[in-house]
Each structure stands twice: as C-alpha cells, then as structure tokens.
Amino acid sequence: MLELLITMAILSIILSVSIPNFSDFRETQRLIGAAEQIYGHIQQARSEAISRNIAGYVNFSANDTTNWVYGVSTVSSLCDLTVTVPTTTNACVIVMDDGDGVVDPGDGSVDSADLVLMRFSSADYPGVSMSISNFSSGNTQITFDPVRGTATSGQMDFQIQNGNQLRIKTSQLGRTSLCSPNGSAGKYSSTGC
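Okay, so let's go over this structure. (Residues numbered from 1 in each chain as written. Predicted model: local features only at pLDDT ≥ 70, side-chain atom pairs only at ≥ 80, totals over all residues. Heavy atoms only, no water.)

Another aspect to go through is the overall build of the protein chain. Counting its secondary structure elements, the protein chain contains 1 helix and 10 strands. The N-to-C order of helical and strand elements in the protein chain reads α-β-β-β-β-β-β-β-β-β-β. Projected onto its principal axes, the C-alpha coordinates of the protein chain cover approximately 75 × 40 × 25 Å. Taken over 193 residues, the protein chain has a buried fraction of 39%. (Helix = DSSP H or I, 4+ residues; strand = E, 2+ residues; numbered from the N terminus. Buried < 20%, exposed > 50% of the residue type's maximum accessible area, 1.4 Å probe, protein only.)

This is the structure in structure tokens:
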C-alpha cells in the first residue's frame, strides 16, 4: 500500500509539471498553424497570378484581436470578406476547372462549380490574434502582378497569450517570409524579422 501511495505521489508531481507545458505547446501549435496557413495562401495567390497571367489578391480584416478574416481572389480586387457563398458578387474566389472542360469567367454565369471560396477566419485558431500593418497599397490588401510576380507590401503579426509571436512579411518584390520577431515560436528565426 505504501508503494502505491509513493507511486501516486510521484505521478501527480509529474502531471502537475507537464500539463502547463502541454498547454503552451498546443497554443504555439495553433499560432504556427494560423501563420503557415496564411503564408501558404499568399504563396498560392502569387502562383495563381503568374501561372494564369491575371492579378492575384489577398485581403485582410484584422484589428489586433482574435477575430480576423482574410480572403484570396483572382476575380475581385477587393473581395468582400463577409461573403460566404462563392457565387455571390465580390466573393473571395479562385476559378478552378471542375473537370468538365467548361471554365467559368469568375462570376458564376457559365459553371458556378468552378468557383472555389477562399475565405478563412480565426475560428480554426482560437486565441491567436492578428494585427496588420505596412501595406503599401493604401488598404489592407496584397496584390500580385501577373507578369513579374511583384507585389504591394504588407505585414501580418500573430501572437498568443503566452507571448509567442510570428510575423509574415511580403515585400514589393513579391517575396514572402515567415519569422518570429522574438524568437519564441519553434523553428522560426528572428533574423530579418
């Protein structure tokens, strides 16, 4: 019986030390997941612009809170981030042929199944706040040129309650980088941040 009590005491000490660390780990993974998803969508917008020879857009709505939204579009320069139906005017959509050989021009008039809604929100990343700054476009949008892949610049900063931070920066040359300003988020360096 004494051995069982000693084992239980040791186990409770180990659990009391490891549970807070696991909570921080989960928060950091949500932070990394949000930043990597947006980074990937910015890269996709640039790739779509160059490969299709049309402008690509990434629009943001963030106010340094955990309620943020963004959208990617190759159809509408200032897509409406409140729209959640791809066939609605000014929805954040990318046109993808659904395999029937009929490609919609981007307004749903020919084949609405080709319109892929590209609107994303913070709902999948609770506790992750985003602030936006340094947009050279005069609004909260990054625009990719279809010929050279250059862009309007912009910066997105992400943070969670434990102070871990990540930053995405897109330069006017179209280069997008992901870094950690304070070196707190795992594999991401603070160099060049």
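After presenting the structure, the write-up continues.
Structurally, E27 can be placed in helix 1 (residues 2–52). Buried within the structure, E27 lacks any salt-bridge partner; R30 is the closest side chain of opposite charge, at an N-O distance of 4.8 Å. If sequence neighbours within four positions are ignored, E27 has contacts with I160, Q161 and N162. (Lys, Arg positive; Asp, Glu negative; His and termini not counted. Salt bridge = Lys/Arg side-chain N within 4 Å of Asp/Glu carboxyl O. Contact = heavy atoms within 4.5 Å.)

Taken together, the side chains of M1, L4, L5, M8 and L11 present a nonpolar region at the surface, about 580 Å² in accessible area. Within the secondary structure layout, M1 lies in the segment before helix 1. (Patch = residues over 30% accessible without salt bridge, like charges linked within 9 Å, V, L, I, M, F, W, Y side chains within 5 Å. Areas by Shrake-Rupley, 256 points an atom, 1.4 Å probe, with all protein chains shown as cover.)

Each strand in a sheet pairs with another by means of backbone hydrogen bonds, the pair being arranged parallel or else antiparallel. Spatial ordering of the open sheet is given by 6-8-9-10, a layout of 4 strands whose pairing is antiparallel. Each end of this open sheet is capped by a strand with a single partner; those strands are strand 6 (129–133) and strand 10 (176–179). The average undirected angle you get between the axes of adjacent strands in this sheet is 15 degrees. (Pairing = 2+ DSSP bridges. Axes fitted to C-alpha atoms, helices over the stretch in contact; angles between N-to-C directions.)

Attention now moves to the packing of aromatic side chains. Overall, the coordinates contain 6 aromatic pairs when judged by the stated rule. Here the aromatic rings of F60 and Y70 are separated by 6.0 Å at their centres, their planes lie at 25 degrees, and the arrangement is stacked. With F60 in strand 1 (residues 56–61) and Y70 in strand 2 (residues 69–73), this pair connects stretches of sequence that are 10 residues apart. Relative accessible area serves as the criterion here: at 2%, F60 is assigned to the buried category. Summarising the aromatic geometry, the rings of W68 and F158 are spaced 6.4 Å apart at their centres and angled 75 degrees between planes, so their arrangement reads as edge-to-face. Taken together, the positions of W68 in the loop between strand 1 and strand 2 and F158 in strand 8 (residues 154–159) put the pair 90 residues apart, joining distant regions of the chain. The pair formed by W68 and F158 is uniform in burial state, with each residue classed as buried. Taken together through their ring pairs, the aromatic side chains of F60, W68, Y70, F120, Y125, F135 and F158 make up a single cluster. (Phe/Tyr/Trp six-rings, centres within 6.5 Å; stacked < 30°, edge-to-face > 60°.)

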